[in-house]
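Geometric and topological summary
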Amino acid sequence: MAKRKSRKSRQRKSRKSINLMNTAELLVTSNILTTGLFGTNLIEFATGKTNVTYGTQTYNSIYRPVSSDLILTLPEILGFDTAGGKMTSTGGQVYNARAMEVAFDPARTMAVVTTNAKANAVSMVMQTVGAKVFFKVAKKVTSKQRSAINKGFNFLGLKEVRA
């Protein structure tokens, strides 16, 4: 018997959208890993800024690495110099930040990451598993509410955003 000619079905395009629940899960998991491996949270890791307290003054300053600590930031890993950066106190006074005292050193970076990984491996695994379980349950529990929110997004014309 001869093969029948059949219509090829049109391939459907999936709409590219940002899922807010998946984004939140990604941020939580990334924060767990950066805290465990680099000794600082995700924002401080990316920006190189930390909240430092001296006495009664709190400074939002550029992190100044020293060779003896177990904290790594992305600017430190990439070897960015912080000379000329500003450090502002809660009183409004502005100070110039000093240049980095530690040059980029791949061996030190790997040693710090290895030390942090050994010290925090169990807690990182437990937190990551807990976060995955939490988000899986949260997605199922909130599916009806998120569906209503998605309808609201569609009504507002935000078709690229999903809850």
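Here the structure is shown first, and the text comes after it.
The rules we used
Residues numbered from 1 in each chain as written. Predicted model: local features only at pLDDT ≥ 70, side-chain atom pairs only at ≥ 80, totals over all residues. Heavy atoms only, no water. Helix = DSSP H or I, 4+ residues; strand = E, 2+ residues; numbered from the N terminus. Buried < 20%, exposed > 50% of the residue type's maximum accessible area, 1.4 Å probe, protein only. Areas by Shrake-Rupley, 256 points an atom, 1.4 Å probe, with all protein chains shown as cover. Axes fitted to C-alpha atoms, helices over the stretch in contact; angles between N-to-C directions. Parallel < 35°, antiparallel > 145°, perpendicular 65-115°, else oblique. Left-handed = near helix turned anticlockwise from the far one by under 90°. Patch = residues over 30% accessible without salt bridge, like charges linked within 9 Å, V, L, I, M, F, W, Y side chains within 5 Å. Salt bridge = Lys/Arg side-chain N within 4 Å of Asp/Glu carboxyl O. Phe/Tyr/Trp six-rings, centres within 6.5 Å; stacked < 30°, edge-to-face > 60°. Expected span 1.5 Å × (residues − 1). Arc of directions from axis to C-beta. Contact = heavy atoms within 4.5 Å. Bend = angle between axes of the 7 residues up to and from the residue. Nonpolar A, V, L, I, M, F, W, Y, C, P; charged D, E, K, R; others polar.

Moving on, we come to the overall build of the protein. Looking only at helices and strands, the protein has five helices and six strands in total. Counting from the amino terminus, helix and strand elements in the protein follow one another as β-α-α-β-β-α-β-β-α-α-β. Split into buried and exposed, the 163 residues of the protein put 28% on the buried side. Counting every atom, the protein has about 12000 Å² of accessible surface; 61% of that belongs to carbon and sulfur.

Turning next to the packing of helix H1 (residues 20-38) against helix H4 (residues 106-141). Close contact between H1 and H4 brings their axes to 6 Å; oriented N to C, the two are set at 160°. With respect to H4, the element H1 is oriented roughly antiparallel. Seen along the crossing, H1 lies across H4 with a hand that is right-handed.

This part is about a nonpolar patch on the surface. Taken together, Val125, Val129, Val133, Val137 and Val141 make up a surface patch of nonpolar side chains, about 440 Å² in accessible area. Examined against the element boundaries, valine 125 turns out to sit in helix H4.

We describe a pair of aromatic rings using the distance from one ring centre to the other and the angle between the two ring planes. Tallied over the full model, the rule gives two aromatic pairs. Their ring planes at 20° and their centres at 4.5 Å tell us that phenylalanine 38 and phenylalanine 45 sit as a pair that is stacked.

Let us look at helix H5 (residues 143-156). Across its 14 residues, H5 extends 20 Å between first and last C-alpha, which sits within 8% of the 20 Å expected from 1.5 Å per residue. All of the buried residues along H5 are Arg146, Asn150 and Phe153. Down the axis of H5, the sector holding all buried residues measures 55°, keeping them to one side. Exposed side chains of H5 directed beyond 90 degrees from the buried face belong to Lys144, Ala148, Lys151 and Phe155. Buried positions along H5 lie against H1, H4 and strand E6 (161-162).

The next thing to look at is H4. Compared with an ideal rise of 1.5 Å per residue, which puts 36 residues at 52 Å, H4 spans 45 Å between its outermost C-alpha atoms and falls more than 12% short. Most pronounced at asparagine 120, the bend in H4 amounts to some 65°. Along H4, the positions that sit buried rather than exposed are Arg108, Thr109, Val112, Val113, Asn116, Met124, Thr128, Ala131, Phe135 and Ala138. Check the buried side of H4 and you find it contacts H1 and helix H3 (74-78).

Close approach of charged atoms lets side chains of opposite charge pair. In the structure shown here, the tally under the stated rule is two salt bridges. Notably, a salt bridge pairs lysine 132 with glutamate 25, separated by 3.4 Å at the nearest N-O pair. Of this pair, lysine 132 sits in helix H4 while glutamate 25 sits in helix H1; the two residues are 107 residues apart in sequence, bridging distant segments of the chain. A salt bridge links glutamate 25 to lysine 139, with the shortest nitrogen-to-oxygen separation between them at 3.3 Å. In this pair, glutamate 25 is assigned in helix H1 and lysine 139 in helix H4, connecting sequence segments 114 residues apart.

For the rest of this paragraph, the subject is the packing of H4 against H5. Between H4 and H5, the least distance of the axes is 5 Å, while the angle of their chain directions is 65°. The angle between H4 and H5 falls in the class roughly perpendicular. Residues Lys139, Lys140 and Val141 of H4 form the contact with H5, whose participating residues are Ser143, Gln145 and Arg146. Here the contact of H4 with H5 is composed, by residue class, of one nonpolar, two polar and three charged.

Here the focus is the side chain of asparagine 116. When you line up the elements, asparagine 116 lands in helix H4. When its relative accessible area of 6% is taken as the criterion, asparagine 116 is described as buried.

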